[in-house]
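Inside the fold
Residues per chain, in single letters:
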Amino acid sequence: MSTKFLSPGWRMPRNANQSKQSNYSMDFAANDSIAVNGTSLQFSGSTSFSAWFKMDGSTTVDQRNIIGKGLEPNLSFFIRVHKINGDFKLRFQIQTSTGSSIRVWDASSPTVTADVWHHTVGVFDVANNQLKLYYDGAEVSGSPVSLSGATNINNISSDLKIGVYDNNFYDFLGQITEVSIFDYALSASQVTTLYGNSTNGVGNPMAL
């Protein structure tokens, strides 16, 4: 990412505004990933995960992890593009501190199209006892689901991985950018702000 940071923001080349996601994203191929130290990154209470992604449509890989931490059966969470009945769908799954797995994944949810930028947000909302998943600013079919009273995501020492599952399966083939983690549950209006609009472009996570 060839930019220069001048407080309070990035100074970008003039052509960057034509396609901020494409110019300032990371390209992921097989065996590519980014790892964040998992011991220092722990979750407590409500948490939200946000990312922009563009899936490469030239391959036949059926499952592609965008972001996640841990490996089943010892998992914190993941957001993944998963093929079901021939179409790619988003799946958001967490494991609670008591070991229960809860997920949002529904065959009637919008199909993820390849070679196009999309935005996703997964929300672990303790106050409302809900797990929610958003795609391009809208909550998907099958969301929310009940947390069954869970108050914490399973905390493990495994690194948080971007672009791959923890055991190096399910490589994400394409581009990912603006991965953000919030220590609270984003509201629907905040998700809309992150998704942005045609006039002002994508939202700024730092503004939330």
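Residues numbered from 1 in each chain as written. Predicted model: local features only at pLDDT ≥ 70, side-chain atom pairs only at ≥ 80, totals over all residues. Heavy atoms only, no water.

1. Describing the overall build of the chain
The number of helices and strands found in the chain is 2 helices and 15 strands. Evaluated residue by residue, the chain yields a buried proportion of 44% over its 208 residues. The long-range share in the chain, meaning contacts at least 24 apart out of those at least 6 apart in sequence, stands at 62%. Split by element, the accessible area of the chain, about 9,900 Å² in all, is 48% carbon and sulfur. (Helix = DSSP H or I, 4+ residues; strand = E, 2+ residues; numbered from the N terminus. Buried < 20%, exposed > 50% of the residue type's maximum accessible area, 1.4 Å probe, protein only. Contact = heavy atoms within 4.5 Å. Areas by Shrake-Rupley, 256 points an atom, 1.4 Å probe, with all protein chains shown as cover.)

2. Some details on the pattern of salt bridges
Using the criterion set out here, one finds 3 salt bridges in the structure. With a closest N to O distance of 3.6 Å, K83 and D62 form a salt bridge. Of this pair, K83 sits in strand β7 (residues 74–84) while D62 is found in the loop between β5 (47–55) and β6 (63–71), placing the two residues 21 residues apart along the sequence. The class of K83 is partly exposed, set by a relative accessible area of 31%. Judged by its relative accessible area of 39%, D62 falls in the partly exposed class. The partner of K161 in a salt bridge is D166, and the shortest N-O contact between them spans 3.7 Å. Assessed through its relative accessible area of 22%, D166 is described here as partly exposed. (Salt bridge = Lys/Arg side-chain N within 4 Å of Asp/Glu carboxyl O.)

3. Observations regarding the sheet that holds β7
Read from one edge to the other, the open sheet built from 6 strands follows the order β4-β14-β6-β7-β8-β9, with strand pairing classed as antiparallel. With partners counted over all chains shown, the strands left at the sheet margins are β4 (34–36) and β9 (101–104), one partner each. Recorded for the sheet is a direction-independent mean angle of 15° between the axes of neighbouring strands. One ladder, built from 3 bridges, connects β4 with strand β14 (residues 160–162); its direction is antiparallel. For I34, the partnering residue across the bridge sits in β14 and is I162. (Pairing = 2+ DSSP bridges. Axes fitted to C-alpha atoms, helices over the stretch in contact; angles between N-to-C directions.)

4. With respect to the packing of aromatic side chains
One pair of aromatic rings is described through two measures. These are the centre distance and the angle between the planes. For the coordinates displayed, the defined rule picks out 10 aromatic pairs. Ring centres of Y165 and Y170 lie 5.3 Å apart, and the angle between their planes is 25°; on these two criteria the pair is classed as stacked. Put simply, the rings of F43, F49, F77 and F92 touch in pairs and so form one group of aromatic residues. Here R80 stacks its cationic end above the ring of F78, 3.8 Å away from the centre of that ring. The ring of Y165 has R80 lying over it, and the distance from NZ or CZ to the ring centre is 4.7 Å. (Phe/Tyr/Trp six-rings, centres within 6.5 Å; stacked < 30°, edge-to-face > 60°. Lys NZ or Arg CZ within 6 Å of the ring centre and 35° of its normal.)

5. Overview of the pairing of β5
With 9 of 9 residues buried, β5 lies mostly within the body of the structure. The sheet contact formed by β5 and strand β15 (residues 174–182) spans 7 bridges and is antiparallel. Along β15, the bridge assignment pairs F53 with I176.

6. Concerning the confidence of the model for the chain
Per-residue pLDDT for the chain averages 86, and the proportion of residues at 70 or more is 88%. Below a pLDDT of 50 lies the segment residues 1–18, which in the model reaches 19 contacts outside its immediate sequence neighbourhood of four places, other chains included. (pLDDT = per-residue confidence, 0-100.)

7. Observations concerning the side chain of N65
Tracing the chain through its elements places N65 in strand β6. Residue classification places N65 among the buried residues on the basis of a relative accessible area of 0%. A distance of 2.5 Å separates polar atoms of two side chains, one belonging to N65 and the other to R80. N65 has contacts with F78, I79, R80, G163, V164, Y165, Y170 and F172, leaving out every residue within four places of it along the chain. (Polar contact = N/O pair within 3.5 Å; in protein donor to acceptor, adjacent residues only side chain to side chain.)

8. A short note on the nonpolar core
One finds F53, I66, V81 and L90 to be the most contacted residues of the largest nonpolar core, which totals 31 residues. Mapped by element, the contributors of at least two residues to this core are β5, β6, β7, β8 (87–95), β9, β11 (130–135) and β14. Excluding its chain neighbours within four sequence positions, the residues that come into contact with L90 are F53, I66, I79, R80, V81, V104, W105, V112, T120, L133, Y134 and Y135. Counting residues in each nonpolar core, the second largest holds 7 residues, with V123, Y134, L186 and L194 among its members. (Core = buried A, V, L, I, M, F, W, Y, C linked by side-chain atoms within 4.5 Å.)

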